[in-house]
Amino acid sequence: MPITSFSLFRSRLPAITTVLRRHSPPYRHLFILSAKQTPSNSRQNVSKKPQPNKNLLKAKHTFKDYSSLAPVLAPNETPSLSDSQAVGAVAAAQANFMRVIVQREPEDGMKTGLELLCVVRAVLKKIKRRVLVGDKVVVGSIDWVERRGVIENVFQRSSEIVDPPVANVDRLLVLFSMEQPPVEPFMLTRFLVEAESYRIPLTLALNKTELVDEETLFAWKNRLRSWGYEPVFCSVETKNGLDSLAFYLRDQTTVIVGPSGVGKSSLINVLRSDHRTPDSLEGDNLFDPISGSKWFEDQRVGEVSTRSGRGKHTTRHVSLLPLLGGGYVADTPGFNQPSLLKVTKQSLAQAFPEIRKMLKDSEPAKCSFNDCLHLGEPGCIVKGDWERYPYYFQLLDEIRIREEFQLRTFGTKREGDVRYKVGDMGVQQAEPRLEPKKHRRQSRKRINQSLLDELDELEDDDDSLDLENDPIVRAIENENQ
Ligand SMILES: Nc1nc2c(ncn2[C@@H]2O[C@H](COP(=O)(O)OP(=O)(O)OP(=O)(O)O)[C@@H](O)[C@H]2O)c(=O)[nH]1
Ligand SMILES: [Zn+2]
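If you're wondering where the values come from, they're calculated on a predicted model, not measured in any experiment.

Caption draft 1: Geometry of the pairing of strand β4 (residues 136-143). By the bridge criterion, four bridges tie strand β1 (residues 86-94) to β4 in an arrangement that is antiparallel. Note on β4: the bridge partner recorded for Ala86 is Val139. In this sheet, strand β5 (residues 148-154) lies alongside β4 in antiparallel orientation, the contact comprising five bridges. In the strand pairing of β5, Asp143 is matched with Arg148. The turn joining β4 and β5, which pair antiparallel and follow one another in sequence, is formed by four residues; a positive phi near 60 degrees is taken by Arg147.

Caption draft 2: Region of the structure containing the site of ligand 1. Inspection of the region around ligand 1 gives 19 residues, with Glu210, Ser260, Lys264, Ser266 and Gly302 positioned closest. In the model, an oxygen atom of ligand 1 is placed 3.4 Å from a nitrogen or oxygen of the Ser235 side chain. Taking Gly261, its main chain carries an N or O atom lying 2.9 Å from an oxygen atom of ligand 1. Relative to its unbound accessible area of 660 Å², ligand 1 is 80% covered by the protein chains.

Caption draft 3: Structural detail: the pattern of salt bridges. Per the counting criterion, the structure on display carries 13 salt bridges. As a salt-bridge pair, Asp135 and Arg157 come within 2.7 Å of each other at their nearest N and O atoms. One end of the pair, Asp135, is in the loop between α6 (122-126) and β4; the other, Arg157, is in the loop between β5 and β6 (160-162), with 22 residues separating them in the sequence. Note on Asp135: relative accessible area 0%, which makes it buried. A residue is classified by how much of its surface remains accessible, and Arg157, at 29% relative accessible area, is partly exposed. The residue Glu387 makes a salt bridge to Arg223 at a minimum N-O spacing of 2.5 Å. In this pair, Glu387 sits in the loop between α13 (353-361) and α14 (389-411) while Arg223 sits in helix α8 (residues 214-227), placing the two residues 164 residues apart along the sequence.

Caption draft 4: Fine view of the pairing of strand β9 (residues 202-207). Most of β9 is tucked away: five of the six residues are buried. Here strand β8 (residues 171-177) runs beside β9; their pairing, made up of six bridges, is parallel. Across the sheet, the residue bridging to Leu175 is Ala205, located in β9. Regarding topology, helix α7 (residues 185-197) serves as the crossover connection from β8 to the parallel β9, and that connection is right-handed. Strand direction decides the pairing type here: β9 and strand β10 (residues 232-233), joined by two bridges, are parallel. Note that in β10 the partner of Ala205 across the bridge is Val232. Where the polypeptide runs from β9 across α8 and back to β10, its parallel neighbour, the crossover connection is right-handed.

Rules used in this analysis
Residues numbered from 1 in each chain as written. Chains lettered and ligands numbered in written order. Predicted model: local features only at pLDDT ≥ 70, side-chain atom pairs only at ≥ 80, totals over all residues. Heavy atoms only, no water. Pairing = 2+ DSSP bridges. Helix = DSSP H or I, 4+ residues; strand = E, 2+ residues; numbered from the N terminus. Near = heavy atom within 4 Å. Polar contact = N/O pair within 3.5 Å; in protein donor to acceptor, adjacent residues only side chain to side chain. Areas by Shrake-Rupley, 256 points an atom, 1.4 Å probe, with all protein chains shown as cover. Salt bridge = Lys/Arg side-chain N within 4 Å of Asp/Glu carboxyl O. Buried < 20%, exposed > 50% of the residue type's maximum accessible area, 1.4 Å probe, protein only. Right-handed = clockwise from strand over helix to strand, strands pointing away.

Here it is in structure tokens:
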């Protein structure tokens, strides 16, 4: 059996990964992706000019039409419900079960969020309508005693974030700490850019203020103002500033993002327990869990997250935790690298308030070029006298490289008439591509899964691989969920 260039490549993967990890952390897995996804033509493709992928676009289209077969409910629609039906919000997803909270208004007027353990109706799965945490759903066949039900339909989403996957998010709270760890301007910029890209209201908060002096706070306040943000300073330790945060979060679904160790879990715990202003006591929402449920309990604090289990990827569950004053808050594991996968070269500028302002204030109202990337060409109104301009450049470059990569691997990938399969004893075998078209649109998911499997194998070889924090791997996992 001749060794193909691909299997040769595969056999060198661990070494290549090590090299890549050393030299360019954010892109090392793109390389594996490339090896995995273009076994037959990776060599030829490299030199070809990128072309938009018609098949991929078509697949996307088919998928859309297909999913519209589902009876979609408008966000504020009030479907007529039977006694065994209710509208609720998906608060957590675990294996095949979803925990849905339905609001009941008993006689005394107090709202109670009742937890139901639900499965998703088969037809929704069949038509690939994904139910996400945060989705507003119709639950049917409810057994009010056993607290079971079936998710029968999903309402249209007002928003959807991908990392972590949550629907109907009203606000993103970007949390950093002043010290332990200190604010890193570029990392903060990445988080802000990712958050801005969803076009969801955004609050920036800085925790652990008691660890620094007034001057430092003042300096950061001015600095962040020049970036276009009005930060909330707070300390979970001293409870300073928690009132204003509680105010922002009330009656909304908020996702808290930020690097590891800044105090996201601590903040959530304190907001959900002993921090109650007289105001928020009044409209308390009661929560009536299924006995034995644990998912909504206090978040673990100060624990470094590790991937548990071998071979299988543990899903990082995201849960919407009910707040006393109404609303939900979601904790996210401390990812230090937002993936920025949904940010494009063209949309990046809009994620910088500084650029938005320059474009708004300018006469005429835009650059002399359409699609200007604001690289300081003559006629571009975005001038370089602002602090984060170098970050803009750096991120633009990163996104450009990623986009070019994506075009090469997905974009120019021609569907050959053979595919490669790793058979017995790891030997590659070619076989005719016989799949009917309608199944092919899932191929990316399958590829992603095999990528994940491969990463698992790799991880066995190389314990130091930090997959949990890898933005690309995470994004792929989210897409696969
Ligand atoms: N000094 C000080 N320490 C704090 C404050 N808030 C949280 N901490 C501590 O910071 C550490 C990390 O807190 P966590 O709440 O686990 O941080 P996290 O952001 O959830 O971290 P990950 O779960 O890794 O994403 C813990 O030891 C907390 O006790 C604060 O206001 N001041
Ligand atoms: Zn410009």
